[in-house]
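Structural characterization, general
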Amino acid sequence: MTTTHSGVSTATRATAAAARATDLTKVYGQGETQVVALDAVSVAFHQAQFTAIMGPSGSGKSTLMHCMAGLDAISGGSATIGDIELTGLKDKKLTQLRRDRIGFIFQAFNLLPTLNALENITLPMDIAGRKPDRAWLDRVVETVGLSDRLKHRPAQLSGGQQQRVAVARALASRPEIIFADEPTGNLDSRSGAEVLGFLRNSVRELGQTVVMVTHDPVAAAYADRVVFLADGRIVDDMPDPTADMVLERMRHLSGGSARTPGPGAQGRTT
Ligand SMILES: Nc1ncnc2c1ncn2[C@@H]1O[C@H](COP(=O)(O)OP(=O)(O)OP(=O)(O)O)[C@@H](O)[C@H]1O
């Protein structure tokens, strides 16, 4: 049985929850301007699984991700990463938890232009004063197909390659969970398909846990499971999604206005 750095066996990882929300409520504003962005959401994201979160604009996808990743304070209920309850954690502990246990990928690649690809990948660990596990780092770099680009600076890389650097940066510290917010939103469909393929490989081959917010049914079809939100509530949970199934579900949720996959989109469509 393989054991990860956190001492959790891979056998247990297959079923345990990497992150969990219980009756999670998020209210923005007060009085007349009050918005209930999340209305008692309960969901678990399982280890070594790739989960997509979908839903119409304003349904609460980003809010759910931000609350579960400790980027935004919650108004009610609870959110846990592994067995750690986020509510009540002081800022310093929360920063530490985000740094040590969570990986982030955003639509903007957020790479430092003066650092090369490898330096960008190891930057968060360098800041934290942690030595990268060389063997793991080599596997990550190989998995995202960057072995021959490590000395390049961001400006010398394509958008897709830059996002692959951001994926590798999120994976480098072997976090318990990676939250990705529209990771392919700035990419053409070919580069997007590549990045999604690498995210899926990081789950299948490296046993990582990924939760991704997306608007794109083709992107969602790379996931093992799609959770659908509408008006701050979970309204469906779809295992083994295909792009067609997701598109159909989104059509119902958006009253027939779901985005259709772009030309050349490469996801599973059947
Ligand atoms: N900082 C904020 N202050 C007030 N209301 C907010 C704030 N952030 C989000 N909201 C509201 O909360 C609700 C959920 O927003 P959220 O951004 O989570 O939706 P989303 O599903 O991610 O939308 P999109 O797909 O358009 O990005 C929306 O009604 C939004 O207007």
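Residues numbered from 1 in each chain as written. Predicted model: local features only at pLDDT ≥ 70, side-chain atom pairs only at ≥ 80, totals over all residues. Heavy atoms only, no water.

Per an unreviewed UniProt entry, the protein chain goes by the name ABC transporter ATP-binding protein and belongs to Streptomyces decoyicus.

The next subject is the pairing of strand E1 (residues 17–28). Summarising the sheet, E1 and strand E2 (residues 35–46) pair through eight bridges and their orientation is antiparallel. Residue pairing in the sheet places Lys26 in a bridge with Leu38 of E2. Where E1 hands over to E2, the hairpin turn is made up of six residues, of which Gly29 adopts a positive phi near 70°. (Pairing = 2+ DSSP bridges. Helix = DSSP H or I, 4+ residues; strand = E, 2+ residues; numbered from the N terminus.)

Here the focus is the packing of helix H5 (residues 134–143) against helix H6 (residues 159–172). Look at H5 against H6: their axes get within 10 Å of each other, and the N-to-C directions meet at 155°. When the interaxial angle is binned, H5 and H6 end up roughly antiparallel. As for how H5 packs across H6, the hand of that crossing is right-handed. Contacts from Trp136, Leu137 and Val140 in H5 reach Ala168, Leu171 and Ala172 in H6. Grouping the amino acids of the contact of H5 with H6 by side-chain chemistry returns six nonpolar, no polar and no charged. (Axes fitted to C-alpha atoms, helices over the stretch in contact; angles between N-to-C directions. Parallel < 35°, antiparallel > 145°, perpendicular 65-115°, else oblique. Left-handed = near helix turned anticlockwise from the far one by under 90°. Contact = heavy atoms within 4.5 Å. Nonpolar A, V, L, I, M, F, W, Y, C, P; charged D, E, K, R; others polar.)

Here Ser57 is to be found in the loop between strand E3 (50–54) and helix H2 (61–68). Judged by relative accessible area, Ser57 falls into the exposed class, the value being 71%. Residues Ser57 and Ser254 lie 197 residues apart in sequence; the distance between their C-alpha atoms is 8.8 Å. (Buried < 20%, exposed > 50% of the residue type's maximum accessible area, 1.4 Å probe, protein only.)

In the region of the ligand, the neighbouring residues are Tyr28, Val35, Ala37, Pro56, Ser57, Gly58, Ser59, Gly60, Lys61, Ser62, Thr63 and His215. A distance of 2.5 Å separates an oxygen atom of the ligand from a polar atom in the side chain of Thr63. In isolation the ligand exposes 630 Å². Once the protein is present, 58% of that is buried. Contributing elements (two or more residues each) for the shell around the ligand: E2 and H2. Here the shell around the ligand takes three residues from H2, the largest share from any one element. (Near = heavy atom within 4 Å. Polar contact = N/O pair within 3.5 Å; in protein donor to acceptor, adjacent residues only side chain to side chain. Areas by Shrake-Rupley, 256 points an atom, 1.4 Å probe, with all protein chains shown as cover.)

The residue Leu118 is located in helix H4 (residues 117–128) in this model. On the basis of relative accessible area, Leu118 is assigned to the partly exposed category, the value being 21%. C-alpha separation for the pair Leu118 and Ser147, spaced 29 residues apart in sequence, amounts to 9.4 Å. If sequence neighbours within four positions are ignored, Leu118 has contacts with Leu137 and Leu150.

Let's shift gears to the sheet that holds strand E8 (residues 210–213). Spatially, E6-E7-E8-E3-E9-E10 is the arrangement adopted by the six strands of the open sheet, whose pairing is mixed. One side of each edge strand has no neighbouring strand; the edge strands of this open sheet are strand E6 (102–105) and strand E10 (233–239). Along the sheet, successive strands turn relative to each other by an average axial angle of 20°, direction set aside. Bridge count for E3 against strand E9 (residues 225–230) is four bridges, and the pairing is parallel. For Met54, the partnering residue across the bridge sits in E9 and is Phe228.

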